[in-house]
Amino acid sequence: MTVASPNDFQESLQPQGWLRYFSFSLDHKVIGLQYLVTGFIFYFIGGALAGVIRAELASPISDFVGRETYNEVLTLHGTVMIFLWIVPVVNGGFGNYLIPFYVGARDMAFPRLNAVAFWMIPPAGILLIGSYFITGSAQSGWTAYPPLSITTPALGQVVWIVSVLLLGGSSIFGGINFIATILKLRRPGLKLMQLPMYCWAMLGTSILVVLSTPVLAGTLLLLSFDIVAHTGFFNPAMGGNVVVYQHLFWFYSHPAVYIMVLPAFGLVSEILPIHSRKPLFGYTTMVYSIMAIVVLGLVVWAHHMFTSGTPPWMRLFFTIATSFIAVPTGIKFFNWLATLWGGKLALNSAMLFSCAFIVNFVFGGITGVALAQVPFDIHVHDTYFVVGHFHYIVYGGTVFVIFASIYHWYPKFTGRMLNEDLGRLHFLLTFIGFNLCFAPQHWLGLNGMPRRVAEYDPSFTTLNQISSVGALLMAISSLPFLYNVLVSAFRGRVAGDNPWNALTPEWLTSSPPPVENWVGEAPLVEHPYGYGVPEDTLSVAAATGRDLWSGAGRR
Amino acid sequence: MPIPSALVTLLVGMALVLSGLWVGYNVNVLPLDASANAPVYDALFRVLFSIGTILFVGIVGLVLFSLVRFRRRAGDITDGQAIEGNLLLEIVWTAIPAIVVLFVGLYSYDIYERMGGMSSLNDHAAMHRMAPTETETMEASVGAGSAVSAPAARVWGGIGVAADDVNVLPVEVTAMQFAFIFHYPDGDITSGELHVPNGRPVELRMKANDVIHAFWVPQFRIKQDVIPGQPTVLTFTPTKSGSYPIVCAELCGPYHGGMRSTVVVHEPDAYDAWFEKNSPLAATVASASLTPTA
Ligand code: HEM
Ligand SMILES: [Cu+2]
Ligand SMILES: [Cu+2]
C-alpha cells in the first residue's frame, strides 16, 4: 500500500513552524494536537455551561436563567461534552498522535481524509454554539426525543442536527482511518498480538464507530424531515412511532459510551506499566475482553428504555446482556490491579490520575450494573441517580484518563516536562471536587429528584449546594492545570527523548518527534511491555494465585 | 512466628464480606416505602448495595495498599517483577463476576416478576378492561389530526395487573404540558390530584396529549413513561396512607421541573367519602362497571 507522505508536501504547500497547527496539515502528530487543543477549548466552554447549570441548581426555584435558556444550556452542555470533547480527544487526539507510532508507520493510512475529519469539527462546533446567539439553540436534551424535539423551536433543533451530523461524519472518517492503519500499515515483522493495548482499544472503538454512527445519522435525518418537511416518521399525530426513535438513537448512543471509554482503557494500559515498572498483566485476556465489550456493547441499548413502551421479554433480555458486560470489564480492572501489585510505583500525576480512574470507574460500574436491573432502574431512571452514574463513568473515568495522559505524553508533545507539584495539586482539587459534585446526586435521585429540571423540592437544597460547591472546586482545579501546560511549554525542564524509560515506539525518537517520526528505520518493538527484572525467585508457570496475592517472590 | 499471609488475606476477605453485608442491611437512603412493591424493591436494593460495597471497598483497598506498599522509594531505579500473567487468576476473576451477575440477574428477575412486571399486558382480561374507552378514542381521532391516535386496546408497556384480580380501581391518566389529569371512569370524576384507597390495587391507564412525560412516585418505587400514541399501564397497591409527590420524570419542555402533582392515599372509608362527594354519578356507582364515558 502506498502512503502519501507529509514530506511530499513539506516544501511546497505545508506551512512550517507554529503556523502548521492552523493549517490543513497532513502530519498525524499535528492533527492529533489540533484535535487535542480544540477539544480542550470546547471542554472549557462545556464546563462554563455546567457552571450555569450548577448555579441555577444552587436554589430550588428557577431564578438564575430563564426556563427555556436552562434547557438550551443543558442541551449544549451534553452535546459539547460528548461530541466535541470526549469523542474527538480520546479518539482523534491521542489516536492520531499515537497509533502511527505504535504500528511503526510514518503517518495514518489516509492523511488527507484525516485532515478533512479534523477540519469538520471547528465549523460544527461554531455552528452548534453560535446557534445559541443567532437562532436560539436546541432545547430537547442531547437525546432529542421526539415529539419534544419536533415541537420545540425548529431552527435551533435543525442546526443541532446538522452539527451532530458533521461531527458524526468526522468520527466515521476517523474510524475508517484507524482500522486501515492498524490492520494495513503495520511495520513488517510486527504481529497483531505484539501491538500496544491502545491499538486494540482503538480497533474495537473504530469498529463500533463504523457500525453504529451511520444509524444515528440516518435517525437524525429522519427527524429533520419530520421537523422541516412535516413527514411523520416519529410524529404520533401522523401515525409515527416515538419509541422507534429511541431504539435507533440508543443503538448508536450506548455504543457511544464505549466509544468514549474504550480508548481510555487503552491509554491507562499504556500508562500503568511504565510508571509501575512491570509488564501489563494478562495481555491476551485484555485483548479478548475488549472484543467482548465491543460485541456485547452492540446488544444492550434498550437498557435506556426500561420505562418506555418496551414489552417484558425485551426488558429481561437487555437486563441480562447489560449485566454480562460487567464480566469483560471486570477482567480488565483486575488485570490493572495485578499490574500495580508488586511494582515500583512512581506516585506522579499520571499515576495518581490513573489510579483515581480505577476507583471512580469501579464506582460507576457498580451503579451501572444496578441500573441494568429492570426493577431497580424503574425507580431511578431519568433521575439524578443516572446523572451521578454516568458522570462517574465519563468524568471520573475518561476525563481522569485524559488528564493522566496529558501528564504522561506532554514531554513527548513538547519536549518539556510538566511541573509535578502543580500536577499533584490539580489532581487533589479535581478528585475532591469531582466526588463532592457527583456523589450526592445518587442520593438525590433515589429520593425523588428527576434529571433535567431547573427547579426542585426545597428539601433537596443542601445536597444540591454541596454539589455546586464541588463543581466550583473542579473549575478552580483547572487553573493550576492551565498555568502548568502553558508555562511549561516554554519554561519546563527539558525532557529528553525518553524521560520515563519507556519501551513503546513513540519514546524511541526525539521529543518532539521529527516529521516522519523516526530518523531512519522505524524500530521493531516486539515486547512493548517488557519491563521488569526476570523472575529469579518465581517462575510464571509455577506461580499460583496465592503466591502472587500474598506477595511471595516480590523481591 | 509470623502470621502466614494466606491467613491474613482470608481474614481480611471475611471481614470485608461481613461488613459489606452489615452495611447493606443497615443502609437507609431510600424514601418511605408506601406501596406493596416498595419493600420488595428495597430488598433488592440492599442486596445490590451489599455486593457493591464489598466490591468497591475491596478494590479501593487494593489500590491504596499497592500505592503505599509498592511505592518507589527515593533512589530506587530498579524494575518490578516481570510477571506477565497467570491463567488461574484470570479464570478466577472471570468466573466470580460471572457468577455474581448471574445471581443478581436471576434475583432481580424474580423481584420484577413479584412486582407484576412479567404479567402479559395484552392478555384477554387486560384487553377487556382497556377496550371500551380506548376504541372510542381511536375512532374519534382518525382523520382529526389529534395527537392521540391509540390503536385499539393495545397496551405498549408498563407493569400490568394479575389477570384474575377483579378488585382493581381503574383510573385514566392524561399527561399534557404541564399537568397530569386523572379521570375515574367508575364515578366520572376528573381531578388534578390522584386519590386512592389504602390497600386496593390501582390500575393507571395512561396516555399523553403532546410529548412524552413520565409518571413517577418515589415512595411507590415505580415509574412509567406516558407516551403519545401508545397507551401504557401502571399498577400499584398503596400500603400507607398519606400524601406523596407525583413527579414528571421525562424532559417535556420549559416547565418540566414544575410538572408535579400529589397522590393522596386515604383509608378506605375516607376514600369512599371523597368519592361520594366528588362524583356526579355517585348514586349509580354500585352498578356502573365499565360504562363508556362521554
Ligand atoms: C462505559 C462508560 C459508560 C458511560 C459513558 C455511560 C453513560 C451513560 C449515560 C450518558 C446514561 C444516561 C442516558 C440518559 O438517560 O440520557 C447512562 C445510563 C445507563 N447506563 Fe451507563 N454509561 C457507561 C457505563 C455503563 C455500564 C458499565 C453499565 C452497566 C453494566 C451501564 C448501564 C447503564 C444503564 C442501565 C443506564 C440506564 C439508566 C437509566 O437511563 O435509567 N452504563 N449511562
Ligand atoms: Cu447504555
Ligand atoms: Cu412532563
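Just so it is clear, the structure is predicted and the values come from calculations on it, not from any experiment.

Some details on the overall build of chain A
Logical step 1: Scanning chain A from N- to C-terminus turns up 17 helices and 0 strands.
Logical step 2: Based on the C-alpha atoms only, the size of chain A along its principal axes is roughly 70 × 60 × 45 Å.
Logical step 3: Expressed as a percentage of its 555 residues, the buried residues of chain A come to 66%.
Logical step 4: In chain A, once contacts between residues fewer than 6 apart in sequence are set aside, the share between residues at least 24 apart is 81%.
Logical step 5: Only carbon and sulfur atoms are counted for the fraction: they give 71% of the accessible area of chain A, which is about 18100 Å².
Logical step 6: Counting 25 positive and 24 negative side-chain charges, chain A places the centres of these two groups 8 Å from one another.

Here's the deal with the site of ligand 1
Residue and element names in this part refer to chain A.
Logical step 1: What surrounds ligand 1 is a group of 22 residues, the closest being Val257, Asp377, His389, Ile393 and Arg451.
Logical step 2: Here an oxygen atom of ligand 1 and a side-chain polar atom of His381 are 2.7 Å apart.
Logical step 3: For the shell around ligand 1, the secondary-structure elements that each account for two or more residues are helix H9 (242–276), helix H12 (349–372) and helix H14 (384–414).
Logical step 4: Residues belonging to the shell around ligand 1 are distributed by class as follows: 13 nonpolar, 6 polar and 3 charged.

What to know about the coordination of the iron atom of ligand 1
All names here are of chain A.
Logical step 1: From the protein, the iron atom of ligand 1 takes a single donor atom, His389 (NE2), 2.4 Å away.
Logical step 2: Separating the iron atom of ligand 1 from the copper ion (ligand 2) is a gap of 4.8 Å.
Logical step 3: Structurally, His389 is set in helix H14.

Description of the sheet that holds strand S7 (residues 213–217) of chain B
All names here are of chain B.
Logical step 1: Pairing is mixed in the open sheet, where 5 strands are placed in the order S5-S11-S10-S7-S8. Edge positions in the open sheet fall to strand S5 (194–197) and strand S8 (222–226), since each of these has one partner strand only. Looking at each pair of strands side by side, their axes are set apart by 25° on average, direction ignored.
Logical step 2: Looking at chain direction, S7 and strand S10 (residues 242–248) are connected through 2 bridges and run antiparallel.

Things to note about the pairing of S8 of chain B
Residues and elements named next belong to chain B.
Logical step 1: Among the 5 residues in S8, 5 count as buried, and that is most of the element.
Logical step 2: Both faces of S8 are covered, namely the face carrying Ile222, Gln224 and Val226 and the face carrying Lys223 and Asp225.
Logical step 3: Sheet topology places S7 next to S8; 5 bridges connect them, and they run antiparallel. Bridge assignment links Trp216 to a residue of S8, and that residue is Lys223.
Logical step 4: Two successive antiparallel strands, S7 and S8, enclose a turn made up of 4 residues, where Arg221 displays a positive phi of approximately 65°.

Considering the coordination of the copper ion (ligand 3)
All names here are of chain B.
Logical step 1: Protein coordination of the copper ion (ligand 3) is provided by His213 (ND1), Cys248 (SG), Cys252 (SG) and Met259 (SD), with donor distances spanning 2.2 to 2.4 Å.
Logical step 2: For the copper ion (ligand 3), the 4 donor atoms in the first shell make angles of 90 to 121° at the metal, a pattern classed as tetrahedral.
Logical step 3: Counting the intervening residues between successive donors of the copper ion (ligand 3) yields the motif H-x34-C-x3-C-x6-M.
Logical step 4: Overall, the relative accessible area of 0% leaves Cys252 in the buried class.

Description of the nonpolar core
Logical step 1: Residues Phe94 of chain A together with Leu194 and Phe215 of chain B are the most contacted members of the largest nonpolar core, which totals 234 residues.
Logical step 2: For this core, the element with the highest residue contribution is helix H3 (residues 67–103) of chain A, accounting for 21 residues.
Logical step 3: The residue makeup of this core includes at least three contributed by each of domain 1 (5–66 + 88–114) and domain 2 (151–290) of chain B.
Logical step 4: Contacts of Leu194 of chain B, omitting those with residues within four sequence positions, involve Val171, Phe182, Tyr184, Leu204, Phe215, Phe236, Ile246, Thr262, Val263 and Val264 of chain B.

Details of the side chain of Ser477 of chain A
All names here are of chain A.
Logical step 1: By the secondary structure assignment, Ser477 is in helix H16 (residues 461–491).
Logical step 2: On the basis of relative accessible area, Ser477 is assigned to the buried category, the value being 2%.
Logical step 3: Ignoring any residue separated from it by four or fewer positions in sequence, one finds Ser477 in contact with His426, Leu429 and Thr430.

A short note on the packing of helix H5 (residues 121–134) of chain A against helix H7 (residues 154–184) of chain A
Residues and elements named next belong to chain A.
Logical step 1: Following both chains from N to C, one finds H5 and H7 inclined at 160°, their axes separated by 9 Å at the closest point. One finds that H5 runs roughly antiparallel with respect to H7. As for how H5 packs across H7, the hand of that crossing is left-handed. The residues of H7 that touch H5, namely those facing Ile121, Ala124, Leu127, Leu128 and Ser131, are Val159, Trp160, Val162, Ser163, Leu166, Leu167 and Ser170.
Logical step 2: Taken together, the residues that form the contact of H5 with H7 break down as 9 nonpolar, 3 polar and no charged.

Here we look at H9 of chain A
Residues and elements named next belong to chain A.
Logical step 1: Between its terminal C-alpha atoms H9 stretches 51 Å, which fits the 51 Å expected from 35 residues at 1.5 Å a residue.
Logical step 2: Along H9, the sharpest change in direction is near 30° and occurs at Trp250.
Logical step 3: Taken across its 35 residues, H9 has 30 buried, putting it largely inside the fold.
Logical step 4: One side-chain oxygen of the residue at the start of H9 lies 2.8 Å from the amide nitrogen of Val243, identifying that residue as Asn241.
Logical step 5: Note on H9: the residue one or two positions beyond its end, Arg277, has a positive phi of about 50°.

Quick word on the sheet that holds strand S2 (residues 169–176) of chain B
By way of backbone hydrogen bonds, the strands of a sheet pair with one another, either parallel or antiparallel.
All names here are of chain B.
Logical step 1: With mixed pairing, 6 strands are arranged side by side in an open sheet as S1-S9-S6-S2-S3-S4. Edge positions in the sheet fall to strand S1 (158–159) and strand S4 (189–191), since each of these pairs with one other strand and no more.
Logical step 2: Pairing analysis gives 7 bridges linking S2 to strand S6 (residues 202–208), with the strands arranged parallel. Looking across to S6, one finds that Leu169 is bridged to Val202.
Logical step 3: Sheet strands touched by helix H5 (residues 268–278): S2, strand S3 (179–184) and S4. Its angle to S4, the strand with the most contacts, is close to 105°.

A word on the domain arrangement of chain B
Residues and elements named next belong to chain B.
Logical step 1: By the assigned domains, chain B splits into domain 1 (5–66 + 88–114) and domain 2 (151–290).
Logical step 2: Just the C-alpha atoms count here: the centres of domain 1 and domain 2 sit 35 Å apart.
Logical step 3: Listed by partner, the interface residues are 11 residues for domain 1 and 10 residues for domain 2.
Logical step 4: Roughly 970 Å² is buried in total at the junction of domain 1 and domain 2, and carbon and sulfur atoms are behind 53% of that figure.
Logical step 5: Considering only the surface of domain 1 that becomes buried against domain 2, Leu32, Ala34 and Ser35 emerge as the three largest contributors, covering 45% of it.
Logical step 6: For the salt bridge of Asp42 with Arg221, the shortest nitrogen-to-oxygen distance reads 2.9 Å.
Logical step 7: Class assignment for the residues of the side of domain 1 that touches domain 2 results in 7 nonpolar, 2 polar and 2 charged.

The rules we used
- Residues numbered from 1 in each chain as written.
- Chains lettered and ligands numbered in written order.
- Predicted model: local features only at pLDDT ≥ 70, side-chain atom pairs only at ≥ 80, totals over all residues.
- Heavy atoms only, no water.
- Helix = DSSP H or I, 4+ residues; strand = E, 2+ residues; numbered from the N terminus.
- Buried < 20%, exposed > 50% of the residue type's maximum accessible area, 1.4 Å probe, protein only.
- Contact = heavy atoms within 4.5 Å.
- Areas by Shrake-Rupley, 256 points an atom, 1.4 Å probe, with all protein chains shown as cover.
- Lys, Arg positive; Asp, Glu negative; His and termini not counted.
- Charge placed at Lys NZ, Arg CZ, Asp CG, Glu CD.
- Near = heavy atom within 4 Å.
- Polar contact = N/O pair within 3.5 Å; in protein donor to acceptor, adjacent residues only side chain to side chain.
- Nonpolar A, V, L, I, M, F, W, Y, C, P; charged D, E, K, R; others polar.
- Donors = N, O, S within 2.8 Å, 3.2 Å for Na, K, Ca; no water.
- Pairing = 2+ DSSP bridges.
- Axes fitted to C-alpha atoms, helices over the stretch in contact; angles between N-to-C directions.
- Tetrahedral: all angles 85-135°; square planar, octahedral: opposite > 155°, others 65-115°.
- Core = buried A, V, L, I, M, F, W, Y, C linked by side-chain atoms within 4.5 Å.
- Domains from an automatic or database assignment.
- Parallel < 35°, antiparallel > 145°, perpendicular 65-115°, else oblique.
- Left-handed = near helix turned anticlockwise from the far one by under 90°.
- Expected span 1.5 Å × (residues − 1).
- Bend = angle between axes of the 7 residues up to and from the residue.
- Buried area = accessible area lost by both parts, 1.4 Å probe.
- Salt bridge = Lys/Arg side-chain N within 4 Å of Asp/Glu carboxyl O.

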